Structures are given as C-alpha cells and as structure tokens.
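Here's the letter readout for the chains.
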Amino acid sequence: MATETTGFVSACIDSLGNAIGMPQLCAEWMPNQVFWLLVTLVVIYLVLSKVALPRIGGILAERQGTITTDISAAEDLKARALEAEEVYNKALADARAEALNIAAEMRAGIQGELNDAIAHADAEISAKVAESEKAIGEIRASALEAVKVVANDTAAEIVTALGGKADAKAVGTAVTSGMKGWT
Amino acid sequence: MDQFIVSPLFGDGPIAWYTPTNVTLWMVLTILAIGALLVLSTSRRAIIPSRAQSIAELVYGFIYKMVEDVAGKDGVRYFPYIMTLFMFILVTNFLGLIPTAFATTSHIAVTATMAMAVFLSVTILGFWKHGFGFLNIFWIGQAPLPLRPILALIEVISYFVRPISHSIRLAGNMMAGHAVIKVFAGFAVVIWIAPVSIAAITAIYALEVLVSFIQAYVFTILTCVYLKDALHPHH
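Just so we're clear, the structure is a prediction, and the values are computed from it rather than from any experiment. (Residues numbered from 1 in each chain as written. Chains lettered and ligands numbered in written order. Predicted model: local features only at pLDDT ≥ 70, side-chain atom pairs only at ≥ 80, totals over all residues. Heavy atoms only, no water.)

Check the secondary structure of chain A and you find 2 helices and 0 strands. In terms of overall size, chain A is more extended than a compact globule, its C-alpha atoms giving a radius of gyration of 67 Å where 183 residues would be expected to give roughly 16 Å. Its C-alpha atoms give chain A principal-axis dimensions of roughly 200 × 35 × 25 Å. Buried residues in chain A amount to 16% of all 183 residues. The contacts in chain A between residues at least 6 apart in sequence include a share of 19% that link residues at least 24 apart. If you sum the accessible surface of chain A, you get close to 13,100 Å²; carbon and sulfur atoms cover 65% of it. In chain A, the 15 positive side-chain charges and the 24 negative ones have mean positions that sit 12 Å from each other. (Helix = DSSP H or I, 4+ residues; strand = E, 2+ residues; numbered from the N terminus. Rg over C-alpha atoms; globule rule 2.2 N^0.38 Å. Buried < 20%, exposed > 50% of the residue type's maximum accessible area, 1.4 Å probe, protein only. Contact = heavy atoms within 4.5 Å. Areas by Shrake-Rupley, 256 points an atom, 1.4 Å probe, with all protein chains shown as cover. Lys, Arg positive; Asp, Glu negative; His and termini not counted. Charge placed at Lys NZ, Arg CZ, Asp CG, Glu CD.)

Attention now moves to the interface of chain A and chain B. Taken together, the contacts link 44 residues of chain A with 52 residues of chain B. Where chain A abuts chain B, roughly 4,300 Å² becomes buried across the two surfaces, and 73% of that area is made up of carbon and sulfur atoms. Our enumeration of links across chain A and chain B arrives at 1 salt bridge. Measuring nitrogen to oxygen at the nearest pair gives 2.8 Å for the salt bridge that ties R63 of chain A to E57 of chain B. Here the residues of the side of chain A that touches chain B are counted per class, giving 28 nonpolar, 12 polar and 4 charged. (Buried area = accessible area lost by both parts, 1.4 Å probe. Salt bridge = Lys/Arg side-chain N within 4 Å of Asp/Glu carboxyl O. Nonpolar A, V, L, I, M, F, W, Y, C, P; charged D, E, K, R; others polar.)

We now examine the packing of helix 2 (residues 51-71) of chain B against helix 3 (residues 79-96) of chain B. Residues and elements named next belong to chain B. The interhelical angle for the contact between helix 2 and helix 3, taken along N-to-C directions, is 125°, at an axis separation of 10 Å. Looking at the two axes, helix 2 sits oblique to helix 3. Note that helix 2 runs across helix 3; the crossing there is right-handed. In this structure, helix 2 uses V59, Y60, F62, I63, Y64 and V67 to contact helix 3, whose residues at the interface are F79, I82, M83, F86 and M87. Partitioned by chemical class, the residues of the contact of helix 2 with helix 3 number 11 nonpolar, no polar and no charged. (Axes fitted to C-alpha atoms, helices over the stretch in contact; angles between N-to-C directions. Parallel < 35°, antiparallel > 145°, perpendicular 65-115°, else oblique. Left-handed = near helix turned anticlockwise from the far one by under 90°.)

Quick look at the structure:
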C-alpha cells in the first residue's frame, strides 16, 4: 500500500513511502486502528444481535419444530397402519375359523348321510341275505324230501326184489335213521 | 513490510484517530461480508436452506455449540459477543488473504484491543458474579497444601499473560504468513527460482487459508475457556 509519491514522513514511514521497522508496532497508527476496530465490532455486534442471530436461531428452531411435527405425524400414521394390520389379521383369522367350522359342519353332515346310506344298504343287504337263506333252506328241505321219497321207493323196491315183503313203515324208519347224519 | 502500512484513504497527512484509512476500508468490507453471509443469505428464512444459508447456519451452530460445550449453559448468554469476535476475526483473516488486501488482524493494536477487551470483561464478570470467590481460580483445592501458594503464583502469572499470548498468537500468525509469502514473492524475480517460488507461494497460501480459520477458532475457543473460568471459578 506504499505510495511512491508520498512526501509525508512520519515516525514509521521514510520519505520514499517505505516502512521503517515493523509497521505493526507503529504507535502512531494505533489510536486509528483501535478506534475503527471498536466501531466495526459495535456495528457487527448490533447487526448480529439484532438481526442475524435471532433470525438464524428462529430458522433453526422452526426447522426443528417442523421435523418434530413430521416425525410425530409419521409415528401416528405408523400406529394407524399397525392398527389396520391388526384388524385385517383378526378378520383373516375369523374368516379362517369360520371356514373351518363350515367345513367341519359339512363333513359332519356328509358323514351322517353316508352313515344313513350305509345303514340302509346294510339293512337291505341283510334282508336280501335272509330271503336268500330262506329260499336256500326251502330248496334244501324240498330236496331232502325228494331224496327221502326216492330212498323209500328204492328201498321198498330193493326189499321186494330180494323177495321180502316191504313194510312201508319199517322202510320209512330205516331210511330216516340212515339219513340222520346228512341234514 | 509495506503491505502492513496504514495510510489515509483520502490524500496524505498525519493519521489521527478518526482519519478514514485502509484499516477503515477493510473493516467496512468485513462488515459488508458478514452482512452478506449472515443477513442477506438468511433473508428468505427457508426451511430447506440455500447454500449460503447453510453456511450461515453452520457457522451459527458451530459457535453456539462451542460456547455451550466450553462455557456451559449459562455461557450461552454471551454467545452474541463471542460470535461477533469469531466472525470479525474469521472474515478479516480471509479478506486479508486477497492479494493487495490489508490484513487488519495482523496488527498487534487490533488483536491486543480484542484480547484486552476479553480479558477485562471476563475479569470484571468473574468478580461481579462471584465477588472475591473469583480468586478461587488461583487457589487449587485438589493440590497438596504446601504446593498451593506456589501454584497460586504460577496461576496468577499465567492469568496475566493470557491477554498477551491471546493477542500475539493471532497477530503473529497472520503477520508471519503474509511475510513468508512476501519473502517467496521476492525470490520470484530471479528467473530460475521463480517456478519453485510460485509453487511455494501457492502452498503457503493454502496453508494460510487453513491458518486463517484455525486462528479465528483458537481465539474464540480461548475466549470461551476464559469465560468458563469467570462463570465457574471453582476447579
């Protein structure tokens, strides 16, 4: 900042405008520096304390507030979502239980019908079996009767052919006792 | 050393305490820069900040947290004063790095004024808050009794050395950086040294940018430490 043209000489500057020694220690300039420093510091202090710092503090507080509000809103929404999920899960469980119930009922109903049908069929089958047995018994009885008649006749004929006299009653008794093991 | 000369803005003549000088010019520029950074950039009060507003908020948060951490909750009342000091030193340091600029913080008159202001206000605050209980900072209760007078003497000396170290640290760092760059610039006229010299200037300049911030930070955090001593003189 030296000016070549300056003719002004002081304790700190020579006639060529060059510094003598260290300009930082020049006592002649110190009142000026101190004065302007104090003015500057007071102005900066006023600007900061009246305008800048309250404003920045306000901005930061406002942002903090916004963030807090947003977070609480988000938490609220999350709680509601969880609630909805719970309700949904409950509904799902209910529906499943109901479905199981209906299935069980259905199964029971079908089983009942099935049992009835089986019982009915069993009854029919046993009736048929009884009928058949009866028919078979009849057939067997009639067959025995026919065998008995044939045996009587044959026995009488054999007795006659052998020269005896066929006593019908005696022959019948003999055939009956001979056939005893068969029936 | 001509870069440190204080000269009148208008004409020649003796420099009285009220004369507008290059000191005035660069301090006014400092005020304007601080205004631009902290006032203009925040004028929209945006919830989602612009870049400039982000920087303003960052500086605010940085110093606020420093005051709160170092000086304690009751130190937050003095936050505007500390912010004023920090912003002034930081911005003048950076402005002083502009080539042909005048670095006001490289002058001991400036830093000593600030250091004395801190020293006096902190001392007065200490006595005002605690009366003679403030003298407890010199009387270390945890030390063995025979050692306490010696420690008290050391503490008293170190207390009164504070404003000196506080001011010379800042002015010395700033002056040294500018002087080193000047020395390397002097070498640059020799053609075969010039590349080395220019590279060195670039490197030193980068270092000075760092130093500018660190010295502002150091001055401020020491102020906070002194403030803590005044607010809580019991060790």
